[in-house]
Amino acid sequence: MAEPAHEIPPDIPTGRLLGRAELVSLSEFAARRAAKLGKALDTLNAGIEARAAEAADSLARAGFDPKDQQAAADKARAKARAEVTTNSSDARWADLRELAAAADGLALTEALYASPQAVLARAGLGDPRRTDLLKQLSGAGPAELRQMAALAVANKDAVLGAVLQTVNDRLPRRERPISSAELAAALVGDETRAVQAAVAGIKATVQRSLVANRDFERGRASALDKVKNALNTNKKEA
């Protein structure tokens with residue numbers, strides 16, 4: 001079955017930075033769609049197995065040996081899966097398109113939350129206070145930068161932290177009095193990790209649904225897909 005192009009539902013935000021509340025909403029949406037698809041696949045599989053069991057039982061009642069019963073079950077199962085796969089295609093892909101759209105809508109958010117330093121760099125953009133602080137600290141010496149960094153962390157002042165990161169990163173690497181990575185981690189590390197975990201969780205949900213659908217279509221689970229899902233689950237929990 002060829003995969004249809006993704007259709008993005010109007011209620012899924014795409015192409016922009018998502019806030020934590022929007023990520024929670026999108027995560028819940030993906031979980032609901034995945035649960036719906038999973039339940040549908042379970043029902044379809046149960047129907048297929050029922051037809052296979054019926055074929056085997058019919059031969060058993062007629063006195064055929066177990067090998068013939070198994071062969072009949074396998075044939076009935078294959079035929080049923082082909083029919084059910086075709087008949088359920090539109091319904092399954094309606095859910096899969098929405099799940100894929102949810103994952104696609106995360107691209108910008110994932111890129112902008114690649115690291116705490118990337119997040120801190122955006123703090124206070126357009127805020128006159130950031131402009132003023134940058135003017136004041138552009139010529140600051142090492143001791144002053146270290147003191148201001150301690151102040152920024154103590155007060156959870158991300159705008160001051162963003163300015164310090166900018167000033168610090170303009171210096172030659174060996175002359176930098178503070179660690180921009182450590183400063184960013186202290187100020188926006190929790191926020192960054194929370195967003196990264198939400199993004200990873202949504203993408204893992206979508207991937208599991210795509211794998212479940214492929215397993216359904218071919219009538220068996222892929223060992224490679226199982227390993228990938230396990231790795232994604234461990235990465236999400238880490």
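Quick notes on the rules
- Residues numbered from 1 in each chain as written.
- Predicted model: local features only at pLDDT ≥ 70, side-chain atom pairs only at ≥ 80, totals over all residues.
- Heavy atoms only, no water.
- Core = buried A, V, L, I, M, F, W, Y, C linked by side-chain atoms within 4.5 Å.
- Buried < 20%, exposed > 50% of the residue type's maximum accessible area, 1.4 Å probe, protein only.
- Helix = DSSP H or I, 4+ residues; strand = E, 2+ residues; numbered from the N terminus.
- Salt bridge = Lys/Arg side-chain N within 4 Å of Asp/Glu carboxyl O.
- Axes fitted to C-alpha atoms, helices over the stretch in contact; angles between N-to-C directions.
- Parallel < 35°, antiparallel > 145°, perpendicular 65-115°, else oblique.
- Left-handed = near helix turned anticlockwise from the far one by under 90°.
- Contact = heavy atoms within 4.5 Å.
- Nonpolar A, V, L, I, M, F, W, Y, C, P; charged D, E, K, R; others polar.

Asker: Go over the nonpolar core with me, naming the residues and quoting the values.
Answerer: Membership of the largest hydrophobic core comes to 33 residues, with the highest contact counts inside it found for Leu120 and Leu164. The greatest single-element share of this core, amounting to eight residues, is contributed by helix α9 (residues 180-218). In terms of nonpolar packing, the next biggest core, distinct from the first, is built from eight residues, Ala80, Val84, Trp93 and Phe216 among them.

Asker: Can you lay out the pattern of salt bridges for me, pointing to particular residues and giving the numbers?
Answerer: Scanning the entire structure with this criterion turns up 13 salt bridges. Here glutamate 98 makes a salt bridge to arginine 33, at a shortest N to O gap of 2.3 Å. In this pair, glutamate 98 is assigned in helix α3 (residues 89-104) and arginine 33 in helix α1 (residues 20-61), connecting sequence segments 65 residues apart. Arginine 33 gets classed as partly exposed once you look at its relative accessible area, which sits at 22%. Note that aspartate 157 and arginine 129 form a salt bridge whose closest N and O atoms lie 2.4 Å from each other.

Asker: A description of the packing of α1 against α3 should follow, citing residues and the corresponding values.
Answerer: Between α1 and α3, the least distance of the axes is 10 Å, while the angle of their chain directions is 155°. Between α1 and α3, the crossing angle belongs to the class labelled roughly antiparallel. By crossing handedness, the relation of α1 to α3 is classed as left-handed. Contacts from Leu26, Phe29, Ala30, Arg33, Ala34, Lys36, Leu37, Leu41 and Leu44 in α1 reach Arg92, Asp95, Leu96, Glu98, Leu99 and Ala102 in α3. When its residues are assigned to classes, the contact of α1 with α3 shows ten nonpolar, no polar and five charged.

Asker: Break down unusual backbone geometry for me, citing the residues and quoting the values.
Answerer: Of note in the backbone geometry, lysine 156 takes a positive phi value of approximately 55° without being a glycine. With respect to the helices and strands, the residue lysine 156 is situated in the loop between α7 (142-155) and α8 (158-170).

Asker: Describe the packing of helix α6 (residues 128-137) against α8, and please don't skip the residues or the numbers.
Answerer: It is at 9 Å that the axes of α6 and α8 come closest, and there the two elements cross at 40°. For the element pair α6 / α8, the angle class is oblique. Seen from above, α6 lies across α8 with right-handed handedness. For the pair formed by α6 and α8, the contact residues are Arg129, Arg130, Leu133, Leu134 and Leu137 on the first element and Val159, Leu160, Ala162, Val163, Leu164, Thr166, Val167 and Arg170 on the second. Classifying every residue of the contact of α6 with α8 gives nine nonpolar, one polar and three charged.

By themselves, these observations are geometric and do not establish any function.
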